[in-house]
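# A look at the structure
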Amino acid sequence: MPADGLAIRLRGVIKRYGAITAVDGLDLDVPAGTCVGLLGPNGAGKSTTMRILTAQTIADEGQVQVLGHELPGQSKRARAAMGVVPQLDNLDTTLTVEQNLVVFSYLYRVPKAERAAAIERVLDIAKLGDRRDAKVDELSGGMRRRLLIGRALIHRPPLVLLDEPTVGLDPQVRQELWSLIDRLRNEGTSILMSTHYIEEAERLCDTVTIVSHGRAVAVGSPADLVAEHAGGEAIEVYGSPARLAETEAEMAREGFPTRRTGTSIAVLRINDGSGRAPAGERRTANLEDVFVLLTGEEIG
Amino acid sequence: MATEAVARPEAAPGRLDRPALAGVLVREIINFSSYWRSTTFSSTVEPTIYLIAFGFGFGSLVSHVGGYDYVDFVGTGTVATAVLFSSVLPAMFGTFVKYKFQRTYDAILAAPVDVEELVTGEALWLAMRASVYGCAPMIVAMFFGLEPSWGMLLVPFINFIAGYGWACAGVAIAGFLKGIENFNYVTSAVITPLFLFAGSFFPIAGLPDWAQLLAELNPLFHCVQLVRHAVFGLHGWVDVWNLAFIVVFGLAMWRLAIVAMTRKLID
């Protein structure tokens with residue numbers, strides 16, 4: 001581990017594509033042994049950031065360090081030491097589960113004597129021991145994802161990048177993957193996980209960096225972020241669109257932050273401030289409140 | 001960090017790292033195990049059909065061409081053709097599919113493999129395949145009367161060098177073109193003339209001067225010459241020139257392919 005105890009350290013990272021600035025001065029820390037969530041709406045720069053960490057995208061400005069290696073110059077060493085789970089499945093579909101792992105044991109330079117054991121270990125982690133000879137084409141969506149994650153662990157990396165690991169999966173499969181990721185975290189693997197699923201970040205991440213328009217807008221543990229930005233409790237006010245707009249304006253005058261939920265207006269921080277709270281359904285504030293509050297309500 | 005580095009000294013990964021090349025090659029070899037039957041079928045059946053069609057078709061009109069028996073002429077000439085088609089086409093389509101549809105290259109480049117190693121590994125693999133498949137027409141021709149000779153043992157090596165160049169050319173084409181539909185322009189306007197004006201089916205000596213000059217610039221022509229001379233007797237400096245031409249072509253295409261794929265894969 002590097003001296004500063006950071007598995008990943010980004011400072012002022014900028015990446016432009018013509019007139020579009022995908023990453024705009026991003027700072028990001030992943031302390032060794034923790035799971036950090038990169039939380040942001042679509043287009044916030046999460047995927048570009050992930051590509052920068054494997055030097056498939058080269059930052060225009062700023063500093064990028066992965067496991068103490070300076071990128072892009074020393075990226076090969078950094079890549080050798082980390083596992084990457086891509087958002088889009090890129091398994092070799094005509095090969096068997098085991099053949100996919102053999103290929104990756106070579107790509108990640110697992111020594112010959114350890115290769116067989118490494119493959120068994122991954123089959124066990126991914127719970128695919130009895131499907132080892134099945135072609136990837138024959139696997140269910142959940143099995144493919146488990147293989148994709150397992151494949152990234154073939155060389156026992158101290159750092160794993162997970163890009164939207166559960167996107168498009170049903171709740172059962174998602175829970176299964178969460179327990180797999182949780183196991184990794186408990187074993188001390190550093191994890192950077194990009195996601196736009198709030199629940200995923202809340203359950204798995206020690207700290208969360210919320211990104212919007214390519215920069216970090218808030219950093220902290222999910223609980224701290226909720227306490228700081230949304231307060232302890234929120235009230236949901238339901239009604240006609242006109243009534244909701246009215247509530248929104250009224251609450252702004254009273255000094256309460258609000259956010260739209262699609263069907264209601266959530267009035268936040270109702271326990272602090274001096275204003276008069278509206279009538280409605282009381283509930284505990286959550287990370288989704290913070291997310292929408294900080295990254296905006298409009299779809300960019 | 002420092003103590004760890006002392007405990008486990010490791011060489012810094014350099015350029016064209018052996019483990020990286022091995023990784024790319026192993027992936028191709030394992031994949032090949034799932035589709036070798038169809039590829040091998042087409043690489044042996046195709047030259048047989050060419051030989052039957054041209055050998056018996058033209059062979060009934062002309063028995064000798066350029067001092068060779070026509071079956072011998074075509075049997076050796078189509079070796080280079082087989083090399084061309086078993087390297088440039090799989091390189092073009094394979095690269096595009098792996099880049100665009102299977103996203104294989106995303107996975108490989110996230111591992112400790114650089115674009116240079118990826119391209120080199122893919123081209124080495126296709127060159128090995130082309131080296132073997134390229135011999136098919138020659139072996140088929142032996143059933144039609146081509147006499148065995150010691151020089152035939154050089155043919156796989158010639159095929160390898162030529163196949164490497166064509167594979168890199170295919171990767172470069174896939175790297176520079178935007179969509180797979182544009183491949184039609186290349187196959188019609190570039191590959192078909194290269195294939196026909198290479199002296200495989202008829203000697204280029206009968207062509208007009210300008211066409212002969214263009215054929216001299218065609219790497220496939222030099223490959224055809226080299227294979228034919230290897231089988232029937234080498235021609236000294238002429239074949240040094242032929243060999244030099246395909247070696248330089250291979251090196252130039254290799255660097256071009258790396259430039260093209262770096263532009264495509266790294267932003």
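Remember, it's a predicted structure, so these values are computed and weren't measured experimentally. (Residues numbered from 1 in each chain as written. Chains lettered and ligands numbered in written order. Predicted model: local features only at pLDDT ≥ 70, side-chain atom pairs only at ≥ 80, totals over all residues.)

## Thoughts on the overall build of chain B
- Each helix and strand counted, chain B has 11 helices and two strands in total.
- Taking 267 residues into account, the globule formula puts the C-alpha radius of gyration at 18 Å, and chain B, at 20 Å, falls close to it.
- Oriented by its inertia axes, the alpha-carbon framework of chain B measures out at about 75 × 40 × 35 Å.
- Burial analysis of chain B (267 residues in total) assigns 46% to the buried set.
- Contacts in chain B between residues at least 24 apart in sequence constitute 81% of all its contacts with a sequence separation of at least 6. (Helix = DSSP H or I, 4+ residues; strand = E, 2+ residues; numbered from the N terminus. Rg over C-alpha atoms; globule rule 2.2 N^0.38 Å. Buried ≥ 20, exposed ≤ 12 C-beta atoms within 10 Å, placed from the backbone. Contact = placed C-beta atoms within 7 Å.)

## So, the overall build of chain A
- Helix and strand counts for chain A stand at 10 helices and 14 strands.
- Over its C-alpha trace chain A gives a radius of gyration of 21 Å, about what one expects of a compact globule, namely 19 Å for 300 residues.
- Counting only C-alpha atoms and orienting by the principal axes, one finds that chain A spans roughly 70 × 40 × 35 Å.
- Relative to its full complement of 300 residues, chain A shows a buried share of 46%.
- If you take every contact in chain A between residues at least 6 apart in sequence, the share linking residues at least 24 apart comes to 69%.

## Observations regarding the pairing of strand 7 (residues 159-163) of chain A
All names here are of chain A.
- For strand 7, the buried fraction is high: five of the five residues fall into the buried class.
- Alignment of strand 6 (residues 82-85) against strand 7, held across four bridges, turns out to be parallel. Residue pairing across strands places Gly-83 opposite Val-160, the latter belonging to strand 7.
- As paired elements, strand 7 and strand 8 (residues 190-195) share five bridges and run parallel to each other. Across the sheet, the residue bridging to Leu-159 is Ser-190, located in strand 8.
- Tracing the backbone out of strand 7, into helix 6 (residues 171-186) and back to the parallel element strand 8 gives a crossover that is right-handed. (Pairing = 2+ DSSP bridges. Right-handed = clockwise from strand over helix to strand, strands pointing away.)

## Thoughts on the interface of chain B and chain A
- Counting residues at the interface gives 25 residues for chain B and 26 residues for chain A.
- Of all the secondary-structure elements, those providing two or more residues to the side of chain B that touches chain A are helix 2 (18-57) and helix 4 (104-110) of chain B.
- Ranked by residues supplied to the side of chain B that touches chain A, first place goes to helix 2 of chain B with eight residues.
- Within the side of chain B that touches chain A, the residues separate by chemical class into 15 nonpolar, five polar and five charged. (Nonpolar A, V, L, I, M, F, W, Y, C, P; charged D, E, K, R; others polar.)

## Some thoughts on the sheet that holds strand 8 of chain A
Residue and element names in this part refer to chain A.
- One open sheet accounts for six strands, arranged 6-7-8-3-9-10; its pairing is mixed. The strands lining the two open edges of the sheet, one partner per strand, are strand 6 and strand 10 (215-220). Within this sheet the neighbouring strands show an average axis-to-axis angle of 15°, counted without direction.
- The sheet strands contacting helix 1 (residues 46-53) are strand 3 (35-39), strand 7, strand 8 and strand 9 (207-212), and the helix crosses strand 7 at an angle near 150°. (Axes fitted to C-alpha atoms, helices over the stretch in contact; angles between N-to-C directions.)

## Looking at the domain arrangement of chain A
- Splitting chain A by domain gives domain 1 (6-225) and domain 2 (231-284).
- With centres defined by C-alpha atoms, the gap from domain 1 of chain A to domain 2 of chain A works out at 37 Å. (Domains from an automatic or database assignment.)

## Quick look at the packing of helix 3 (residues 97-107) of chain A against helix 2 of chain B
- Relative orientation of the contacting elements helix 3 of chain A and helix 2 of chain B amounts to 165°, with a least axis distance of 7 Å. What the angle tells us is that helix 3 of chain A and helix 2 of chain B run roughly antiparallel. The element helix 3 of chain A and its partner helix 2 of chain B pack so that their crossing is right-handed. Contact with helix 3 of chain A, carried on its side by Gln-99, Val-102, Val-103, Tyr-106 and Leu-107 of chain A, involves Ala-22, Gly-23, Val-26, Arg-27 and Ile-30 of chain B of helix 2 of chain B and no other residues of that element.
- Broken down by class, the residue content of the contact of helix 3 of chain A with helix 2 of chain B amounts to seven nonpolar, two polar and one charged. (Parallel < 35°, antiparallel > 145°, perpendicular 65-115°, else oblique. Left-handed = near helix turned anticlockwise from the far one by under 90°.)

## Examining the pairing of strand 10 of chain A
Residues and elements named next belong to chain A.
- Pairing of strand 9 with strand 10 involves five bridges; the strand directions are antiparallel. Its bridge partner being in strand 10, Val-208 is matched across the sheet by Gly-220.
- Hairpin connection, strand 9 to strand 10: the antiparallel pair is bridged by two residues, and His-213 has positive phi, about 50°.

## Quick notes on helix 10 (residues 287-295) of chain A
- Restricting attention to buried positions, one finds in helix 10 of chain A the residues Leu-287, Asp-289, Val-290, Phe-291, Leu-293 and Thr-295 of chain A.
- Of the residues trailing helix 10 of chain A, Gly-296 of chain A is marked for its positive phi of about 95°.

## As for helix 11 (residues 237-265) of chain B
Residue and element names in this part refer to chain B.
- Taking 1.5 Å per residue, 29 residues should reach 42 Å; helix 11 reaches 41 Å between its end C-alpha atoms and fits that length.
- Looking only at helix 11, the buried set comprises Asn-242, Phe-245, Ile-246, Phe-249, Gly-250, Met-253, Trp-254, Ala-257, Ile-258, Ala-260, Met-261 and Lys-264.
- Elements that come into contact with the buried residues of helix 11 comprise helix 3 (70-101), helix 5 (115-133), helix 7 (155-176) and helix 10 (219-232). (Expected span 1.5 Å × (residues − 1).)

## Overview of unusual backbone geometry
All names here are of chain A.
- For the bond running from Leu-71 to Pro-72, omega is 0°, close enough to zero to count as cis.
- If you trace the backbone, Pro-72 turns up in the loop between strand 5 (69-71) and helix 2 (75-81).
- One non-glycine residue, Lys-127, lies in the positive phi region at around 55°.
- Given 15 C-beta atoms within 10 Å, Lys-127 falls into the partly exposed group.
- Unlike most non-glycine residues, Glu-164 shows phi in positive territory, near 45°.
- Mapped onto the elements, Glu-164 comes out in the loop between strand 7 and helix 6.
- With 21 C-beta atoms packed within 10 Å, Glu-164 lands in the buried category.

## Notes on the confidence of the model for chain B
All names here are of chain B.
- Averaged over every residue, the pLDDT of chain B is 91; the share at 70 or more is 96%.
- Residue range residues 1-9 is modelled with pLDDT below 50. Its contacts to residues more than four positions away, or to other chains, number four contacts.
- Note on the complex model: pTM 0.91, ipTM 0.90. (pLDDT = per-residue confidence, 0-100.)

## A closer look at the sheet that holds strand 1 (residues 6-17) of chain A
All names here are of chain A.
- Strands sit in the order 2-1-4-5 across an open sheet of four strands; the sheet is antiparallel. Single-partner strands in this sheet number two, and they are strand 2 (20-31) and strand 5. Along the sheet, successive strands turn relative to each other by an average axial angle of 25°, direction set aside.
- Looking at chain direction, strand 1 and strand 4 (residues 61-66) are connected through five bridges and run antiparallel. By the bridge assignment for strand 4, Ile-8 is matched with Val-66.

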